[in-house]
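Each chain, letter by letter, is given below.
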Amino acid sequence: MAKKQTPAPSEHWKDEPDGHDYPAAADYLSLILDETATASVVAALEKAPLVHRMAKDLLRASSLELLPEDNAHVATDLKKVRRGERLSPVLLVRGSINSGVALTIAVGYHRVCASYHIDENADIPCRLAEMPQAGGSI
């Protein structure tokens, strides 16, 4: 007989990102932005208001593939939710359709995928910052 999975709670998000998410965002963004731009974006993320977007829209805007439920990190996040733990909101950098730049999920890609597997239409809390202009400022 197949093991029944406990349904995930409908509300599974914290009110604020975890403190370690900002240094993690800086680590990732430093691979695609210079040091000044990275610091500027992370500062903007820290100040940005919480907004809500659907998992399916975040994946489409980022051009990232949905990771499977058995991906190690996605599975960990799904287990957390089933245990009643809340996930940290995701940190995003806005893309530009005019420039062909996709939305950047600076932190939380696995959480977005886990949430999609729970309910692709559920709102995910996000902090959203603008990409720096060519001069490096936001």
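Shown above is the structure to which this text applies.
Bear in mind that the values here come from a model prediction, so they are computed numbers and not experimental data.

Caption draft 1: Expanded view of the nonpolar core. The biggest cluster of nonpolar side chains holds 20 residues, and the ones touching the most others in it are Leu58, Val90, Leu92, Val112 and Ile124. Going through the elements one at a time, helix H3 (55–62), helix H4 (72–82), strand E2 (90–93), helix H5 (109–118) and strand E4 (123–129) are the ones with two or more residues in this core. Tallying contributions element by element places H5 first for this core, with four residues. The contact partners of Leu58, leaving out residues within four places of it in the chain, are Arg53, Val90, Leu92, Leu103, Ile105, Val112, Ile124 and Cys126. With 13 residues, the next largest nonpolar core counts Tyr22, Leu29, Val42 and Ala129 among its residues.

Caption draft 2: A look at the environment of Ser30. Of note, Ser30 is situated in the loop between helix H1 (21–29) and helix H2 (35–47). Among the polar contacts listed, one links the side chain of Ser30 to the backbone oxygen of Asp27, at a separation of 2.7 Å.

The rules behind these values
- Residues numbered from 1 in each chain as written.
- Predicted model: local features only at pLDDT ≥ 70, side-chain atom pairs only at ≥ 80, totals over all residues.
- Heavy atoms only, no water.
- Core = buried A, V, L, I, M, F, W, Y, C linked by side-chain atoms within 4.5 Å.
- Buried < 20%, exposed > 50% of the residue type's maximum accessible area, 1.4 Å probe, protein only.
- Helix = DSSP H or I, 4+ residues; strand = E, 2+ residues; numbered from the N terminus.
- Contact = heavy atoms within 4.5 Å.
- Polar contact = N/O pair within 3.5 Å; in protein donor to acceptor, adjacent residues only side chain to side chain.

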